[in-house]
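# Structure at a glance
So you can see what is in the structure, the chains are spelled out below.
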Amino acid sequence: MPELPEVETIRRDLQQEISGDTLIGAEFFGSRSAYSGDANAFIRQIAGSSIREIQRRGKYLLLALSNGEYIVVHLRMTGRLIIRQSDEPNDRLVRLVLRLASGRDLRLEDLRKFATVELLTVGGLAALFDRLGPEPLSSELTPERLGEILSHSRRGLKASLLDQSLLAGLGNIYVDEALFHARIHPDRPASGLSTAELKRLHQAIRHVLQAGIDTRGTTFSDYRDGLGRPGTHQYQLQVYRRTGEPCPTCGEPIIKTRVAGRGTHVCPRCQKL
DNA sequence: CAATCAACCTGGGTGC
DNA sequence: TGCACCCAGGTTGATT
């Protein structure tokens, strides 16, 4: 579900609402814990700490705690992180509740139970970050850097762009959108792009991610922001889930294929192989 | 290496 | 209405 724009939207909501708040307790629910370690140890570790700041790296959300540790959440496909009043009854999808001193909860809800929670020290965080490529919206990512990254990959372009160790934050929706904007076919070899194509791709990636953030993310079914509200970017998508509809540029029907094992949307006229 | 696929889960949609 | 099957925003690990 959530890709960089959705995670960033949640981050901003949480930063606004609960930074400075204090964690007074936690409770796990349901089968298959979101936390792989000892749940009681987790709860003991975090209780009493305040939330200094909410950060994001790629698709990971980080709650930086006053005790120096980090609660690291990955929402995977259907995870949500939503602030609710403590007296609100729990949704059946709730897997973890973090209780706040302000009388609110931060609840992890997740239909498919893929979402993960970790508790890391700065060292653990550094190790996690090391496994991720650069942030697409940072000044680190230039067309040259993008070309450098892709030049070492012998895979297809879409598969490479989805690889979080090469670039952190893109998922299936925004990759399809970026490739459409850049007018490049997802099956092109990652290493074969011209300078002009790299420039277009760089600009397209940043454009679609920023547009996703500006419209508070894409909601098809599960995604919600930090306050439980759907995003609106689904109304602005050009090709994703628009199979058979006319290409906004040339009118040719959008086709759906399978690339890198994922459903992939392409304008066959604008995006040549 | 890279491509493919199954697995982790649940629910929605489709076709018979 | 029921059932079988495919699909879904992600990632990882096994297999070919």
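Presented here is a report on the structure given in the accompanying data block. This structure is a prediction, so every number in the text was calculated from the model and none was measured. (Residues numbered from 1 in each chain as written. Chains lettered and ligands numbered in written order. Predicted model: local features only at pLDDT ≥ 70, side-chain atom pairs only at ≥ 80, totals over all residues. Heavy atoms only, no water.)

## A short note on the packing of helix H6 (residues 172–182) against helix H7 (residues 195–214)
Put simply, H6 and H7 touch, their axes get as near as 8 Å, and they point 130° apart. The orientation of H6 with respect to H7, classified from their angle, is oblique. You can see that H6 and H7 cross each other, and the crossing is right-handed. In this structure, H6 uses Tyr174, Glu177, Ala178, Leu179, His181 and Ala182 to contact H7, whose residues at the interface are Arg200, Leu201, Ala204, Ile205, His207, Val208, Leu209 and Gly212. (Axes fitted to C-alpha atoms, helices over the stretch in contact; angles between N-to-C directions. Helix = DSSP H or I, 4+ residues; strand = E, 2+ residues; numbered from the N terminus. Parallel < 35°, antiparallel > 145°, perpendicular 65-115°, else oblique. Left-handed = near helix turned anticlockwise from the far one by under 90°. Contact = heavy atoms within 4.5 Å.)

## Description of the protein's contact with DNA strand B
Surrounding DNA strand B, one finds Arg32, Arg92, Leu111, Arg112, Lys113, Phe114, Arg154, Arg155 and Gly156. Of everything in DNA strand B that lies within 4 Å of the protein, sugar and phosphate atoms constitute 73%. Across the surface near DNA strand B, the residue classes break down as 2 nonpolar, 1 polar and 6 charged. (Near = heavy atom within 4 Å. Nonpolar A, V, L, I, M, F, W, Y, C, P; charged D, E, K, R; others polar.)

## A closer look at a positive patch on the surface
There is a patch of like positive charges on the surface, built from Arg241, Lys256, Arg258 and Arg262. For Arg262, the location among the structural elements is in strand S10 (residues 262–266). Assessed through its relative accessible area of 33%, Arg262 is described here as partly exposed. (Patch = residues over 30% accessible without salt bridge, like charges linked within 9 Å, V, L, I, M, F, W, Y side chains within 5 Å. Areas by Shrake-Rupley, 256 points an atom, 1.4 Å probe, with all protein chains shown as cover. Salt bridge = Lys/Arg side-chain N within 4 Å of Asp/Glu carboxyl O. Lys, Arg positive; Asp, Glu negative; His and termini not counted. Charge placed at Lys NZ, Arg CZ, Asp CG, Glu CD. Buried < 20%, exposed > 50% of the residue type's maximum accessible area, 1.4 Å probe, protein only.)

## A short note on H7
Residues spaced three or four apart along an α-helix point in a common direction, a consequence of the helix completing one turn every 3.6 residues. The end-to-end C-alpha distance of H7 is 28 Å, a good match for the 28 Å that 20 residues give at a rise of 1.5 Å each. The inward-facing, buried residues of H7 contact helix H1 (4–18), helix H4 (143–151), helix H5 (157–162) and H6. Once H7 ends, the next one or two residues include Arg216, with phi positive near 65°. (Expected span 1.5 Å × (residues − 1).)

## So, the state of the cysteines
Here the structure, examined in full by the defined rule, presents 0 disulfides. Of all cysteine sulfurs in the structure, the one in Cys250 sits closest to Cys267, which takes part in no disulfide; the separation is 3.6 Å. The class of Cys267 is buried, set by a relative accessible area of 0%. (Disulfide = S-S within 2.5 Å.)

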